[in-house]
Amino acid sequence: GAGVSQSPSNKVTEKGKDVELRCDPISGHTALYWYRQRLGQGLEFLIYFQGNSAPDKSGLPSDRFSAERTGESVSTLTIQRTQQEDSAVYLCASRDTWAYEQYFGPGTRLTVT
Amino acid sequence: GENVEQHPSTLSVQEGDSAVIKCTYSDSASNYFPWYKQELGKRPQLIIDIRSNVGEKKDQRIAVTLNKTAKHFSLHITETQPEDSAVYFCAASDSGYSTLTFGKGTMLLVSP
């Protein structure tokens, strides 16, 4: 079946602009995660959605970062007033309710110039 | 919160050798420990995981060991092949149903 998809695959933006990144999880997966991966670094947790529960936003680095998810489908990660340190690959992952494995999307490479 | 340390950051081996990657964690409540493999330019994929009720788990050439007392776990790859070359990430969680804390990764290079 279809895996997790993300768009765009690459995004170049100017410092100070807002960007929106999209994640389409595997159909039926109630859990959805966003991570940030800086060059040569590990995966940094940003936010976690589980069904209709309030999201776990404990990983968001600043109030410039926000995310939404409509029901158990698409999620968007928004970064306002982008800074150069926001340059990274943003990965989305989804998980079935009763399983542990997270399935990752291909990521969006964000470059802030 | 949880902190996961991973060593080494890079590891070079000859084809056929064994490779060992080690991770330590700080939160004694953690009980789920997955390992992800990320090939260059690809997405991370789960290769093996272990829960705290067992000390070792094997899957063909890959094994993971867990020492809860010492709060460390390790990935063992035997008979390495060039296609094992990738970045490997360990992670820890107090539940597979919640968030994962990842280590910084180990770049494994297997030379023919």
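For the structure itself, look to the data block above.
Rules and cut-offs
- Residues numbered from 1 in each chain as written.
- Chains lettered and ligands numbered in written order.
- Predicted model: local features only at pLDDT ≥ 70, side-chain atom pairs only at ≥ 80, totals over all residues.
- Heavy atoms only, no water.
- Helix = DSSP H or I, 4+ residues; strand = E, 2+ residues; numbered from the N terminus.
- Rg over C-alpha atoms; globule rule 2.2 N^0.38 Å.
- Buried < 20%, exposed > 50% of the residue type's maximum accessible area, 1.4 Å probe, protein only.
- Contact = heavy atoms within 4.5 Å.
- Areas by Shrake-Rupley, 256 points an atom, 1.4 Å probe, with all protein chains shown as cover.
- Lys, Arg positive; Asp, Glu negative; His and termini not counted.
- Charge placed at Lys NZ, Arg CZ, Asp CG, Glu CD.
- Salt bridge = Lys/Arg side-chain N within 4 Å of Asp/Glu carboxyl O.
- 1 Å grid on protein atoms, 1.4 Å probe; cavity = no way out; pocket = protein on both sides within 12 Å on 5 of 7 lines; lining within 4 Å.
- Points joined across faces, edges and corners; volume = space filled by probe spheres on them.
- Nonpolar A, V, L, I, M, F, W, Y, C, P; charged D, E, K, R; others polar.
- Phe/Tyr/Trp six-rings, centres within 6.5 Å; stacked < 30°, edge-to-face > 60°.
- Pairing = 2+ DSSP bridges.
- Axes fitted to C-alpha atoms, helices over the stretch in contact; angles between N-to-C directions.

> Could you clarify how one ought to interpret the overall build of chain B in this entry?
Scanning chain B from terminus to terminus reveals zero helices and eleven strands. Helices and strands appear in chain B in the N-to-C order β-β-β-β-β-β-β-β-β-β-β. A globule of 112 residues ought to have a C-alpha radius of gyration of about 13 Å, and chain B, at 13 Å, matches this closely. By principal-axis analysis of the C-alpha atoms, chain B measures approximately 40 × 25 × 20 Å. Across the 112 residues of chain B, 44% fall into the buried class. Within chain B, counting contacts between residues at least 6 apart in sequence, those at least 24 apart form 54% of the total. Total accessible area on chain B stands at roughly 5600 Å², and carbon and sulfur atoms take up 47% of it. Positive and negative side-chain charges of chain B, numbering 11 and 13 respectively, have mean locations separated by a distance of 4 Å.

> Could you clarify how one ought to interpret the pattern of salt bridges in this entry?
When the charged atoms of two side chains with opposite charge come close together, those side chains can pair. Considering all chains together, one arrives at six salt bridges over all chains under this definition. A salt bridge links Arg22(A) to Asp24(A), with the nearest nitrogen and oxygen atoms 2.8 Å apart. Given a relative accessible area of 37%, Arg22(A) falls into the partly exposed group. Residues Arg61(B) and Asp84(B) are paired through a salt bridge, measuring 2.9 Å at the closest nitrogen-oxygen approach. In this pair, Arg61(B) is assigned in the loop between strand S6 (56-59) and strand S7 (62-67) and Asp84(B) in the loop between strand S8 (72-77) and strand S9 (86-92), connecting sequence segments 23 residues apart.

> Where do I start with the layout of surface pockets in this structure?
One water molecule sets the probe size; rolling that probe over the atoms shows where empty space is left. A volume near 800 Å³ is recorded for the largest pocket. Lining the largest pocket are 35 residues, and of these Gln37(A), Leu39(A), Gly40(A), Gln38(B) and Leu40(B) lie nearest its centre. Of all the secondary-structure elements, those providing two or more residues to the lining of the largest pocket are strand S8 (88-95) and strand S10 (108-112) of chain A together with S9 and strand S11 (106-111) of chain B. Here the residues of the lining of the largest pocket sort into 13 nonpolar, 17 polar and five charged. Of the voids in this model, the second largest pocket is the one considered here, and its volume is about 570 Å³. Around the second largest pocket sit 26 residues that line it, and Leu43(A), Glu44(A), Phe45(A), Thr101(B) and Phe102(B) are the ones nearest its centre.

> Explain unusual backbone geometry here, please?
The bulk of non-glycine residues show a negative phi, and the bulk of peptide bonds are trans. At the junction of Ser7(A) and Pro8(A), the peptide bond is cis and its omega measures out at -10° in the coordinates. Cis geometry is adopted by the peptide bond preceding Pro8(B), which originates at His7(B) and carries an omega value of -5°. Position of Pro8(B) among the secondary structure elements: in the loop between strand S1 (4-7) and strand S2 (10-14). The phi torsion at Lys71(B) lies on the positive side, around 60°, for a residue other than glycine. Structurally, the position occupied by Lys71(B) is in the loop between S7 and S8.

> Help me understand the environment of Ser9(B) in this model?
All names here are of chain B. Of note, Ser9 is situated in the loop between S1 and S2. Distance from Ser9 to Leu108, taken between C-alpha atoms, is 8.6 Å for residues 99 residues apart in sequence. With residues up to four places along the chain from it excluded, the contact list for Ser9 reads Gly105, Thr106 and Met107.

> Just to check I follow, could you spell out the packing of aromatic side chains for this structure?
Pairs of aromatic rings are described using the distance from one ring centre to the other and the angle between the two planes. Summed over all chains, the structure comprises 15 aromatic pairs over all chains. Seen from their ring centres, Tyr33(A) and Tyr48(A) are 4.5 Å apart, and the 10° between their planes marks the pair as stacked. Note that Tyr33(A) is positioned in strand S4 (residues 31-37) and Tyr48(A) in strand S5 (residues 43-50), a separation of 15 residues in sequence. A relative accessible area of 0% means that Tyr33(A) is categorised as buried. On the numbers, 6.5 Å between centres and 85° between planes, the contact of Phe89(B) with Phe102(B) is edge-to-face. Taken together, the residues Phe89(B) in strand S9 and Phe102(B) in strand S10 (residues 101-102) connect sequence positions 13 residues apart. When sorted by exposure, Phe89(B) lands in the same class as Phe102(B), which is buried. Here a set of aromatic residues connected by ring pairs shows up, and it is made of Tyr33(A), Tyr35(A), Phe45(A), Tyr48(A), Phe104(A), Tyr36(B), Phe89(B) and Phe102(B).

> Hey, could you run me through the sheet that holds strand S7 (residues 75-79) of chain A in this one?
In any sheet, the strands associate via hydrogen bonds between backbone groups, in a parallel or an antiparallel arrangement. All names here are of chain A. The sheet built from four strands is open, its strands ordered S1-S3-S7-S6 with antiparallel pairing. For this open sheet the edge positions go to strand S1 (5-7) and strand S6 (65-69), each flanked by a neighbour on one side alone. Looking at each pair of strands side by side, their axes are set apart by 15° on average, direction ignored. Summarising the sheet, strand S3 (residues 19-24) and S7 pair through five bridges and their orientation is antiparallel. Its bridge partner being in S7, Val19 is matched across the sheet by Ile79.

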